[in-house]
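Coordinates in review
In case you want the letters, here they are:
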Amino acid sequence: MRGWWREIAGLVLPVACGGCGRPRTELCPECAEALTGTGPRRVRPAPEPAGLPVVHAAAPYADAVREVLLAHKERGALALSGPLGGALAGAVEAAAGAAAGPGEGPLLLVPVPSSRRSVRARGHDPTRRIALAAAARLRRAGRDARVVPVLRQRRYVADQAGLGARGRLSNLSGALEVVPGGARLLAAGRAAGTVVLVDDLMTTGASLVEAARALGAVHLSFISEIPHGLPDGFAQHGFERRAAAVVASSPASFEINRNSSRSWNVAGGER
């Protein structure tokens, strides 16, 4: 209900740029450029946690990009899901590799889930909304892309704010699971399909590590039912996740690609 009222309010009330506050525009050209201007790149947190998939991000989490994400996530600026989805689509393309060609399977976008209490408090699920916008953008560009929300939280998770990298990993360990029937939905992507974990933001990488673990824990008891054997990227013990995409990541996680000896401290919150 809250999300519905926000949609209506956005039609009748004055708007301001989610990035810089410029009046009478939801997102000014300069802030839109900040989301996608540099192009998606691989990012690595430091320390890089074991089990983290290869992650690509569209933009550094700073300045206008930070404000746009917060406006969408915490302040209900739902119209920003479109440009945020466009940025995520670019990161998904980078994560998935070469553009699809004849005979290739779909891109399956698996959102990292928020807790039910967070969704209730915000009135919407920001990551899922951005993922749906990204999939729509990819389909308009000719990619067969769909959102497959097969992950859910299976236990209480404390607020991540204030926790360091090790604390976040411990807090999230074992917190996610694949919903009943989720393994079959992913297997329906067929042999050449690519599964990409998606999130709005990566800080320590703890959420993506746990999401990858949850997918990898699925036992494919129905392997014999797959007519042409296991799809590429699957393993007998479950799903091997090697790709992830986010809208934004710490500026230092971009820097780490140029100088792996540099270290950085995580600031801000994750999920």
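Here we summarise the structure given alongside this text. (Residues numbered from 1 in each chain as written. Predicted model: local features only at pLDDT ≥ 70, side-chain atom pairs only at ≥ 80, totals over all residues. Heavy atoms only, no water.)

**Some details on the overall build of the protein chain**
- What the protein chain contains, in helices and strands, is 10 helices and 10 strands.
- Residue burial in the protein chain is summarised as follows: out of 271 residues, 48% are buried.
- When contacts within the protein chain are restricted to residue pairs at least 6 apart in sequence, long-range pairs at least 24 apart make up 73% of them.
- A total of about 12800 Å² of accessible surface is found on the protein chain, and carbon and sulfur atoms cover 53% of it. (Helix = DSSP H or I, 4+ residues; strand = E, 2+ residues; numbered from the N terminus. Buried < 20%, exposed > 50% of the residue type's maximum accessible area, 1.4 Å probe, protein only. Contact = heavy atoms within 4.5 Å. Areas by Shrake-Rupley, 256 points an atom, 1.4 Å probe, with all protein chains shown as cover.)

**Description of helix H3 (residues 63–73)**
- Burial of H3 is extensive: 8 of the 11 residues sit out of reach of the surface.
- Regarding H3, the residues found buried are Ala-64, Val-65, Val-68, Leu-69, Leu-70, Ala-71, His-72 and Lys-73.

**What about the sheet that holds strand S1 (residues 41–43)?**
- Sheet architecture is open: 6 strands sit in the order S1-S2-S10-S7-S3-S4, paired in mixed fashion. Of all the strands in the sheet, just S1 and strand S4 (145–147) have a single pairing partner and so form its edges. Neighbour to neighbour, the strand axes of the sheet diverge by 35° on average, direction disregarded.
- Sheet topology note: the strand S3 (residues 107–111)/S4 ladder contains 3 bridges and is parallel. In the sheet register, Leu-108 faces S4, and the bridge partner there is Arg-146.
- Docked against the sheet, H3 engages strand S2 (54–60), strand S7 (194–202) and strand S10 (243–249), running at close to 105° with respect to S10. (Pairing = 2+ DSSP bridges. Axes fitted to C-alpha atoms, helices over the stretch in contact; angles between N-to-C directions.)

**Quick look at unusual backbone geometry**
- Omega for the bond connecting Ala-46 with Pro-47 falls within 30 degrees of zero, at 5°, which places this linkage in the cis form.
- Take Pro-47: it is sitting in the loop between S1 and S2.
- Even without glycine at this site, Arg-24 takes up a positive phi of about 65°.
- Summarising the element assignment, Arg-24 is placed in the loop between helix H1 (2–12) and helix H2 (29–36).
- The class for Arg-24 is exposed, based on a relative accessible area of 74%.
- At Asp-63, a residue that is not glycine, the phi angle is positive and equals roughly 50°.
- Assignment of secondary structure puts Asp-63 in helix H3.

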